[in-house]
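If you want the building blocks of each chain, they are given just below.
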Amino acid sequence: MRQRCRELYEYREMIYSMVRRDLRGRYKSSVLGFLWTFINPLCQIAVYTVVFSHIFRMEIDRYYLFLTVVMVPWVCFSASVQGSAVAVVNQQDLVKKIYFPREVLPVSYVTGCFINMLLSFLVVFALIAVTGSGFCLSALVFLPVVVLAQYILCLGAALLISACTVYLRDLEHIAGVLLMAWIYLTPVMYDISFIPKDLAVLFYLNPMTPIAAAYRDILYYKHMPQVSGLLASLGAALIVLLIGETVFAGLQKNFVEEL
C-alpha cells in the first residue's frame, strides 16, 4: 500500500493534468458552462424540497437548508461512484499504450468530483449566511475531517467498481440502480432520528450514514459531531479503501487483455 501511494505521488503531475482536463471538458460547449456545477445540485435540492416539505409534509424547520447541507455531499458521492465505474474502461487506449499506475484514473476522477463539491459548498455557506442561520466555529473545525472521510470512502469505492467494471461492464448500470436505492438508506432527506430502531443496524452499516449525520450536525444543527460517529466514518472509509485497493491491485494485471 505504501509503495502504491509513493508511486501515485510520483505521478501527481499526471493526476493534476487529468483533473484539470476533466474539469475543463465536463461542460465544454454548453451555454452555462461551469455554472452547471452549482445548477445540478440546486435543481435536485429544489425538487426534493418541494416534494418532502409540501407534499409529504416533512415537519422540519428550514427544510431547504436541512436538505442542502447533506445533498451537496451526496451528489458528489453519487457522481464519484457512478462515474468511476467507467474510469478505466473509457481510457482503454491510454491503458494499452503506456505504463502508469492505473489507480491514477479513478483517483483523478474522484478528485475532480470533490473539487466540484468544494465549489458547491460556496453556495451552501452563502445560503447559511443569507438565511441568518450562522456558523459554529468550534464545529466547523471538524468539517475537514468529515470531507476527508468522504474522500477516502469515495476513493475506495471508485477503485473497487472501476476495476470490476473492466470484467463486468453491466456494473456501470447496476451502480446507477444501487445509488437510487442508497440515497433512501442514507439520512439525506430525513433526520437520523427518524430511523426505526429495528432497522437501525441496517442503516448504520451504511458508511455514508455517519458522514451525512456529521455534515448536518456541523452545518445545520451547529454543534460538534459525535466523536464516535466521526471515528466510525473514518474507520469504515479506510476499510473500504483497503478493500478497493486490494481488489484493484489484483485485477489490474489483466486490464489490457480484458480491454
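For the structure, check the block above.
Residues numbered from 1 in each chain as written. Predicted model: local features only at pLDDT ≥ 70, side-chain atom pairs only at ≥ 80, totals over all residues. Heavy atoms only, no water.

Visitor: Summarise the overall build of the protein chain; cite the residues concerned and give the values.
Guide: Counting its secondary structure elements, the protein chain contains 13 helices and 0 strands. Along the chain direction, N to C, the helices and strands of the protein chain fall in the order α-α-α-α-α-α-α-α-α-α-α-α-α. Burial statistics for the protein chain: of 259 residues in total, 48% are counted as buried. Summed over all atoms, the accessible surface of the protein chain reaches about 13300 Å², with 67% contributed by carbon and sulfur. (Helix = DSSP H or I, 4+ residues; strand = E, 2+ residues; numbered from the N terminus. Buried < 20%, exposed > 50% of the residue type's maximum accessible area, 1.4 Å probe, protein only. Areas by Shrake-Rupley, 256 points an atom, 1.4 Å probe, with all protein chains shown as cover.)

Visitor: Summarise the environment of Met208; cite the residues concerned and give the values.
Guide: Structurally, Met208 is set in helix H11 (residues 208–219). Using a relative accessible area of 2% as the deciding quantity, one classes Met208 as buried. Expressed as a C-alpha distance, the spacing of Met208 and Leu153, which sit 55 residues apart in the sequence, is 8.5 Å. For Met208, the residues in contact, after removing those within four places along its chain, are Trp74, Phe77, Leu153, Trp182 and Thr186. (Contact = heavy atoms within 4.5 Å.)

Visitor: Can you tell me about the nonpolar core, naming the residues and giving the values?
Guide: Counting 71 residues, the largest nonpolar core has Met71, Trp74, Phe77, Met117, Val188 and Tyr215 as its most contacted members. Those elements that place two or more of their residues in this core are helix H2 (12–25), helix H4 (63–84), helix H6 (104–130), helix H8 (143–167), helix H9 (171–182), H11 and helix H12 (227–251). Of the residues forming this core, the biggest block, 14 residues, is contributed by H8. Those residues in contact with Tyr215 that lie beyond four places of it in its chain are Val69, Val70, Pro73, Met117, Phe121, Leu143, Val146, Val147, Gln150 and Tyr220. (Core = buried A, V, L, I, M, F, W, Y, C linked by side-chain atoms within 4.5 Å.)

Visitor: Pulling in residues and values, what's your account of the packing of aromatic side chains?
Guide: A complete count under the given rule lists 13 aromatic pairs for this structure. With centroids separated by 6.4 Å and ring planes inclined at 85°, the aromatic side chains of Tyr190 and Phe203 adopt a geometry described as edge-to-face. On the criterion of sequence distance, the pair formed by Tyr190 in the loop between H9 and helix H10 (200–204) and Phe203 in helix H10 is long-range, its members being 13 residues apart. Of the two residues examined, Tyr190 and Phe203, each falls in the buried class. Grouped by ring-pair contacts, the aromatic residues Tyr63, Phe66, Tyr220 and Tyr221 constitute a single cluster. The ring of Phe100 carries Arg102 above its face, with NZ or CZ at 4.8 Å from the centroid. Directly above the aromatic system of Phe66 lies the positively charged group of Arg216, at a separation of 3.6 Å from the ring centroid. (Phe/Tyr/Trp six-rings, centres within 6.5 Å; stacked < 30°, edge-to-face > 60°. Lys NZ or Arg CZ within 6 Å of the ring centre and 35° of its normal.)

Visitor: How would you summarise the environment of Ile192 if you had to cite specific residues and measurements?
Guide: As for its position among the elements, Ile192 is in the loop between H9 and H10. For Ile192, a relative accessible area of 26% puts it in the partly exposed group. A sequence separation of 17 residues divides Ile192 from Thr209, and the C-alpha atoms of the two residues are 8.2 Å apart. Residues within four places of Ile192 in sequence aside, it is in contact with Pro187, Tyr204, Thr209 and Ala213.

Visitor: Tell me about H4, and name the residues and values.
Guide: Compared with an ideal rise of 1.5 Å per residue, which puts 22 residues at 32 Å, H4 spans 31 Å between its outermost C-alpha atoms and is within 8% of the ideal. At Met71, H4 is deflected by roughly 30°, the largest bend along its length, and proline Pro73 occurs up to four residues later in sequence. (Expected span 1.5 Å × (residues − 1). Bend = angle between axes of the 7 residues up to and from the residue.)

Visitor: Explain a nonpolar patch on the surface to me, and be specific about the residues and the numbers.
Guide: There is a patch of nonpolar side chains on the surface, built from Leu160, Ile239 and Ile243 and spanning about 260 Å² of accessible area. As for its position among the elements, Ile243 is in helix H12. According to the relative accessible area criterion, Ile243 is partly exposed, its value standing at 45%. (Patch = residues over 30% accessible without salt bridge, like charges linked within 9 Å, V, L, I, M, F, W, Y side chains within 5 Å. Salt bridge = Lys/Arg side-chain N within 4 Å of Asp/Glu carboxyl O.)

Visitor: Give a detailed account of the state of the cysteines, specifying residues and quantitative values.
Guide: Enumeration according to the criterion identifies 0 disulfides in this entry. Between Cys76, a free cysteine, and Cys154, which holds the nearest cysteine sulfur, the sulfur-to-sulfur gap is 5.3 Å. Here Cys154 falls in the buried class, since its relative accessible area comes to 0%. (Disulfide = S-S within 2.5 Å.)

Visitor: I'd like to hear about the side chain of Gln150, residue by residue, with values.
Guide: One can find Gln150 in helix H8. Accessibility expressed as a relative area gives 0% for Gln150, which makes it buried. In terms of polar contacts, Gln150 uses its side chain to reach the side chain of Tyr215, at 2.7 Å. Gln150 has contacts with Pro73, Cys76, Phe77, Phe114, Met117, Ile211 and Tyr215, leaving out every residue within four places of it along the chain. (Polar contact = N/O pair within 3.5 Å; in protein donor to acceptor, adjacent residues only side chain to side chain.)

Visitor: Break down the packing of H4 against H6 for me, citing the residues and quoting the values.
Guide: Two packed helices can be described by the angle between their axes and the distance between those axes. At their nearest, the axes of H4 and H6 sit 9 Å apart, and the two run at 170° to each other. Taken together, the axis directions place H4 and H6 in an arrangement best described as roughly antiparallel. Contacts between H4 and H6 involve Tyr64, Leu65, Thr68, Val69, Val72, Pro73, Cys76, Ala79, Ser80, Gly83 and Ser84 from the first element and Pro106, Tyr109, Val110, Cys113, Phe114, Met117, Ser120, Phe121, Val124, Leu127 and Ile128 from the second. (Axes fitted to C-alpha atoms, helices over the stretch in contact; angles between N-to-C directions. Parallel < 35°, antiparallel > 145°, perpendicular 65-115°, else oblique.)

Honestly, that's just the spatial picture; any functional story needs more than this.
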